[in-house]
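Here is what each chain is made of, one letter per residue.
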Amino acid sequence: MQRRGFLKFALGGTVGLVASPAIWTTLYDLAYWTQNWGWIPRLEKGENHFIPTVSKLDGTPITVRLVDNRVIRPLGNKENTYSKGGLTPLAASEAQLMYSESRIKRPLLKGPDGGYTFISWEKAEQILKERTEQANGSLAFLNADSTSSLNDIFSAFLAKNGSNQYYLMPSEEQTAIYAWLAMGGTGRIGYDLKNSDFILSVGANFMDSWGTVVHNRAIFNETHQIEEEASLKIAYTGAMQDSTQVISDLWIPIKPSTEEIFLHGILGELIRRGITSDVTLLGLGNQYTLDDVAKYCGTDTQKIKTLVDELLKASRPLVLTGATLGQTSSTTSIMLTIAINYALGRINQDGSIINLPMQDPLLPQAQHLAEIYSRNFVSFCQNITADDHNAPKLLFINEANPVYALSKDAQVEQALKNIDYKIMFATHWSETCAVCDLVLPAACGLERFDDVYTPYGSGSINWTIAKPITNPLFEARPVGELFIALAEELGINLGIKDVPNLLQKRAASLGIDFKKQLESGDTFVKEHDNITIPMISFMPLLNKRSTPPRTDIALLTYINSAAGNPSVGIPPYANRAITAYQLQDGLAIAQMNKTTADKLNLKNQEKAFIETRNGKMPVQVKVFEGIMNDVVAVMAGLGHTEFDRFSTNKGNNILQFTEIEMEAGSDLPIWTHACNVVKG
């Protein structure tokens, strides 16, 4: 490309905007690690620099330590008002993953025999341009990150080429936005945990894998001071003891797939106690008796009554619901959660559900978030598989790994086979890279400009800027800059000259100084000031009736945040942060309590199979009394076939075997929990 060659961006063409000059003086002298992880480098001495930024792995604000401009390690940012110095396992792995042996070092082109060969960026540029032109508007784009303003670049690029087929990976946010808008909300749904005095979490492990984890942990620390009475009580419903259950004041175990029934029970009990006189709400209160709820959920009526007592005693109660990372519950669950909060008078108040404004696009023809979420990637794949005439000629995939992360029910692999050409932008070699035609090395979060804007689970508008603290290693490129350059080569004006220009527009939309925000590394927070309660309609709920679980045994898939994510695999150090028995070669661990094991005629460490309609997965039984009866828990995030030796041959991928149903009305995917367990 002549006008804005990609090499410009690899050489720091936009780095000069960062105000702290110390880290830029000798970037060309950066020493690369080799791929030989057995080699131990000698201690390097030099001047320390500490640069604030944000982890693009999970949105955690961090401070990165550099020694003579070499990235050493991420630390918690104690000056950040949002995180209060907290650090998650995934954010702590930023430096390791940047140097990881699974990094894609040069552009890779698939040959006729299915193998890959290195090509030059000049050749890759030519293919990008030619394939885009040949597609003649038959384009689609899948992105993994809903928090990035780069979505505006990608969706505007697609629109300028005549396509609106822009998708984000399935998420709870998509389900929540659908439910919120259907019931009368006008923006995005937010959860103000910070100002609540009693939180009921139905399945959302908000201390480890749901929402703004590092912020949630900071809230817990502030409300639970040593030798002082806690100012926040937490109730948690879930089938397994986990990070949120451990810190909760009240734990009510319920079986997976019974969340809707449980929420119906809570709403019904509140109505019976006269909490509301709303006529439409009253019609929702009789679907399940407390005895029904106890039977289907595996709990008892007294625990439910005790929970309702606590909700009514609290001054600022908040109810939220959630599921395993990367999977989604039903819109009915979200709607029932909204209804309960409404009945308690907990909409647009401090410590309640908040009607957050949805950000407007920053670029002409960029797609609005609500428009993007009106489509879903699972339906996209299923439609292509059913009729390949629906397939686009060209698909761009940025940092997503749907081949690994989605159930076989999503039919991802068959859909990708029906697409003529697939171009992948990724930092690490993944299962989805292995089925694409052209794989291009993407700059990681420490090597590019980007941002994190109001992640799902936030209770306020918040924005943190990611800035490059080192030039991209190997031949990686910032993907946002790459698409700006590609657009110019195609004669398309996206309305910006580079990514910092885009971020300046975001700062202007928030009324803040971009340069100061960039220098400080702090998170800008705008608390809600709209106290108007939306006109909530309960009509979408009146015709919905939750159904009991399809099988006696329920499958619980859970996340250990140390196990990375589908786009980066398992960080090397995480092999020490995950229990050894989870990392057995090619064999997943099925955890259950002894009562369940006896019922299934299984013993501890015995081989067995988990059966779903997507096949049989071999497992080893592990008896653990922190799980309720009739539930089998399997850790997600294992079973990779790509990445590196720290990720491959570790357990098995339960995500492939989970079942998906498409919800009537919304046509959104719902992950169910049906399974059988048989002897191996």
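Residues numbered from 1 in each chain as written. Predicted model: local features only at pLDDT ≥ 70, side-chain atom pairs only at ≥ 80, totals over all residues. Heavy atoms only, no water.

1. What to know about the overall build of the protein
Across its full length, the protein carries 22 helices and 27 strands. Whereas a compact globule of 680 residues would reach a radius of gyration of roughly 26 Å, the protein reaches 25 Å, a difference of no more than 12%. Overall size of the protein, expressed as C-alpha extent along the three principal axes, is 70 × 60 × 55 Å. For the protein, buried positions account for 63% of its 680 residues. Residue pairs at least 24 apart in sequence account for 75% of intrachain contacts in the protein once pairs closer than 6 positions are excluded. (Helix = DSSP H or I, 4+ residues; strand = E, 2+ residues; numbered from the N terminus. Rg over C-alpha atoms; globule rule 2.2 N^0.38 Å. Buried < 20%, exposed > 50% of the residue type's maximum accessible area, 1.4 Å probe, protein only. Contact = heavy atoms within 4.5 Å.)

2. What about the layout of surface pockets?
Approximately 330 Å³ is the volume found for the second largest pocket. Along the walls of the second largest pocket sit 18 residues, with P357, Y453, I461, L510 and K526 positioned nearest its centre. Across the lining of the second largest pocket, the residue classes break down as 8 nonpolar, 5 polar and 5 charged. (1 Å grid on protein atoms, 1.4 Å probe; cavity = no way out; pocket = protein on both sides within 12 Å on 5 of 7 lines; lining within 4 Å. Points joined across faces, edges and corners; volume = space filled by probe spheres on them. Nonpolar A, V, L, I, M, F, W, Y, C, P; charged D, E, K, R; others polar.)

3. Section: the pairing of strand β2 (residues 61-67)
Counting buried residues in β2 gives 6 out of 7 residues, a clear majority hidden from the surface. With 7 bridges connecting them, strand β1 (residues 48-54) and β2 associate as antiparallel partners. Residue pairing for β2: H49 is matched across the bridge by L66. As judged from the 6 bridges shared by β2 and strand β3 (residues 70-76), these two strands associate in the antiparallel manner. Each bridged residue has a counterpart across the sheet, and for L66 the counterpart in β3 is V71. (Pairing = 2+ DSSP bridges.)

4. Regarding the sheet that holds β3
With respect to topology, 3 strands assemble into an open sheet ordered β1-β2-β3, the strand pairing being antiparallel. One side of each edge strand has no neighbouring strand; the edge strands of this open sheet are β1 and β3. The mean angle between the axes of side-by-side strands here comes to 30 degrees, regardless of whether they run parallel or antiparallel. (Axes fitted to C-alpha atoms, helices over the stretch in contact; angles between N-to-C directions.)

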